[in-house]
Amino acid sequence: QIGDTGTIYSDSFIASIYDTKKNDGIYIHLCTVVNGTLSVGDSVMADIEDVRRDAICRNHSAAHLLQAALRSVLGTHVEQAGSYVSNNVCRFDFTHFAPLTQDEIHRVENMVNMNILAANNIITMETDIETARANGAMAQKRKKYGKIVRMVKMGNFSTELCGGTHCNNTGKIGLFKIISESSVAAGIRRIEAVTGMGVLNLIAEKDKLICDTATELKVQNPVDIAKRA
């Protein structure tokens, strides 16, 4: 998951935060000073860029639903092999032996959207690793976990160990649309998807493509473009 952006400010200081990282439990704000100076002991306010953060949350929560849907449609051999979550995209790498068929992609997409429309509460809680496993929480095999872990539960559909930011209800994801499915290595597939406003932006792009194509083909009704082509 990419880091937050925003502003740190006081009456005499403004800094624009362009990334946030965590190192040994310490949060590090990477920033550009806009105005003023800062000294040790100064009191400041931190203001997160909410619209961007909310979009990141939608894509991260969708990644959890996606993994559960893939395991349901393809089989329990599916495991996470990497991911990238930003405000623009949800990218999920997983173990699987063959390209997904159009029917499988359609079923996965529908399953994720059904769980979004169910508007299930997303519950996060800190617990010990044994309790999390007893609750069926998915964990990454290569990742080391401490005694206390953070469990993210989305209705009865998805339970995972995760330290990222999430929506508090699946309904806030809006909609989910897969935009590509490809191979990244032997036995590793990658799905890229969009959520929320990203789906609306995708629809707008497709609408423009249809209209532009209709214009080039000199078709008044876009419904006729396939026939004209």
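Just so you know, these numbers come straight off a predicted model, no measurement behind them.

Peer 1: Talk me through the packing of helix α1 (residues 50-74) against helix α2 (residues 102-117); I want residue IDs and the actual numbers.
Peer 2: Remark: α1 packs on α2, axes separated minimally by 9 Å, with the N-to-C direction vectors making an angle of 135°. If you check the angle between α1 and α2, you find them oblique. Handedness of the crossing formed by α1 with α2: right-handed. Side by side, α1 and α2 meet where Leu65, Leu66, Ala69, Leu70, Ser72, Val73 and Leu74 of the first sit next to Glu104, Arg107, Val108, Met111, Val112, Asn115 and Ile116 of the second. Residue composition of the contact of α1 with α2, by class: 10 nonpolar, two polar and two charged.

Peer 1: Go over the sheet that holds strand β7 (residues 122-128) with me, naming the residues and quoting the values.
Peer 2: Sheet architecture is open: three strands sit in the order β7-β8-β9, paired in antiparallel fashion. Across the chains shown, the open sheet's two edge strands, defined by having one partner strand only, are β7 and β9 (158-161). Averaged over all adjacent pairs, the angle separating strand axes in this sheet is 25°, with direction ignored. In this sheet, β9 lies alongside strand β8 (residues 148-154) in antiparallel orientation, the contact comprising four bridges. Looking across to β9, one finds that Lys153 is bridged to Thr159. Strands in contact with α1 are β7, β8 and β9; relative to β9, the strand with the most contacts, it is inclined by about 115°.

Peer 1: For a nonpolar patch on the surface, give the residues involved together with the corresponding values.
Peer 2: A cluster of nonpolar residues, Tyr9, Ile14, Val34 and Met45, forms a patch on the protein surface that exposes about 360 Å² of accessible area. Along the chain, Val34 falls in strand β3 (residues 26-36). Judged by its relative accessible area of 55%, Val34 falls in the exposed class.

Peer 1: I'd like a rundown of the nonpolar core, residues and numbers included.
Peer 2: Counting 26 residues, the largest nonpolar core has Leu70, Phe94 and Phe176 as the members making the most contacts within it. Among all residues touching Phe176, those that are not within four sequence positions of it are Ala62, Leu66, Glu109, Val112, Asn113, Ile116, Ala193, Val194, Thr195 and Val199. The next biggest cluster of nonpolar side chains, apart from the first, holds six residues, and it includes Ile129, Ala137, Val149 and Met151.

Peer 1: Account for the packing of aromatic side chains, with residues named and values stated.
Peer 2: To describe a pair of aromatic rings, you give the distance between the ring centres and the angle between the ring planes. Applying the stated criterion to the full structure yields one aromatic pair. When the ring of Phe92 is compared with that of Phe94, the centres are 6.2 Å apart and the planes differ by 20°; the resulting orientation is stacked. Note on accessibility: Phe92 and Phe94 belong to one class, buried.

Peer 1: Go over the pattern of salt bridges with me, naming the residues and quoting the values.
Peer 2: A complete count under the given rule lists eight salt bridges for this structure. A salt bridge links Asp19 to Lys21, with the shortest nitrogen-to-oxygen separation between them at 3.3 Å. A salt bridge links Asp103 to Arg107, with the nearest nitrogen and oxygen atoms 3.8 Å apart. Taken together, the residues Asp103 and Arg107, both in helix α2 and four residues apart, mark about one turn of the helix. On the accessibility criterion, Asp103 (47% relative accessible area) is partly exposed.

Peer 1: Give me the lowdown on unusual backbone geometry, citing residues and values where you can.
Peer 2: Most peptide bonds take the trans form, and the phi angle of most residues other than glycine is negative. Even without being glycine, Asp24 reaches a positive phi, approximately 50°. Residue position: Asp24 is located in the loop between β2 (13-23) and β3. In this structure Asp24 comes out as exposed when scored by relative accessible area, which is 76%. Non-glycine residue Ala119 carries a positive phi angle of around 50°. Owing to a relative accessible area of 39%, Ala119 belongs among the partly exposed residues under this scheme.

Peer 1: Which residues make up the layout of surface pockets, and what values do they have?
Peer 2: The gaps of empty space that remain are located by a probe, the size of a water molecule, rolled over the atoms. Of the volumes computed, that of the largest pocket is approximately 670 Å³. Lining of the largest pocket is provided by 20 residues; of these, Lys22, Tyr27, Gly163, Gly164 and Thr165 occupy positions nearest its centre. Contributing elements (two or more residues each) for the lining of the largest pocket: β2 and β8. What the second largest pocket holds in volume is close to 300 Å³. When contributions to the lining of the second largest pocket are tallied by element, the ones reaching two or more residues are α1, β5 (80-85) and β9. Of the residues assigned to the lining of the second largest pocket, the class counts are five nonpolar, eight polar and two charged.

About the criteria used
Residues numbered from 1 in each chain as written. Predicted model: local features only at pLDDT ≥ 70, side-chain atom pairs only at ≥ 80, totals over all residues. Heavy atoms only, no water. Axes fitted to C-alpha atoms, helices over the stretch in contact; angles between N-to-C directions. Helix = DSSP H or I, 4+ residues; strand = E, 2+ residues; numbered from the N terminus. Parallel < 35°, antiparallel > 145°, perpendicular 65-115°, else oblique. Left-handed = near helix turned anticlockwise from the far one by under 90°. Contact = heavy atoms within 4.5 Å. Nonpolar A, V, L, I, M, F, W, Y, C, P; charged D, E, K, R; others polar. Pairing = 2+ DSSP bridges. Patch = residues over 30% accessible without salt bridge, like charges linked within 9 Å, V, L, I, M, F, W, Y side chains within 5 Å. Areas by Shrake-Rupley, 256 points an atom, 1.4 Å probe, with all protein chains shown as cover. Salt bridge = Lys/Arg side-chain N within 4 Å of Asp/Glu carboxyl O. Buried < 20%, exposed > 50% of the residue type's maximum accessible area, 1.4 Å probe, protein only. Core = buried A, V, L, I, M, F, W, Y, C linked by side-chain atoms within 4.5 Å. Phe/Tyr/Trp six-rings, centres within 6.5 Å; stacked < 30°, edge-to-face > 60°. 1 Å grid on protein atoms, 1.4 Å probe; cavity = no way out; pocket = protein on both sides within 12 Å on 5 of 7 lines; lining within 4 Å. Points joined across faces, edges and corners; volume = space filled by probe spheres on them.

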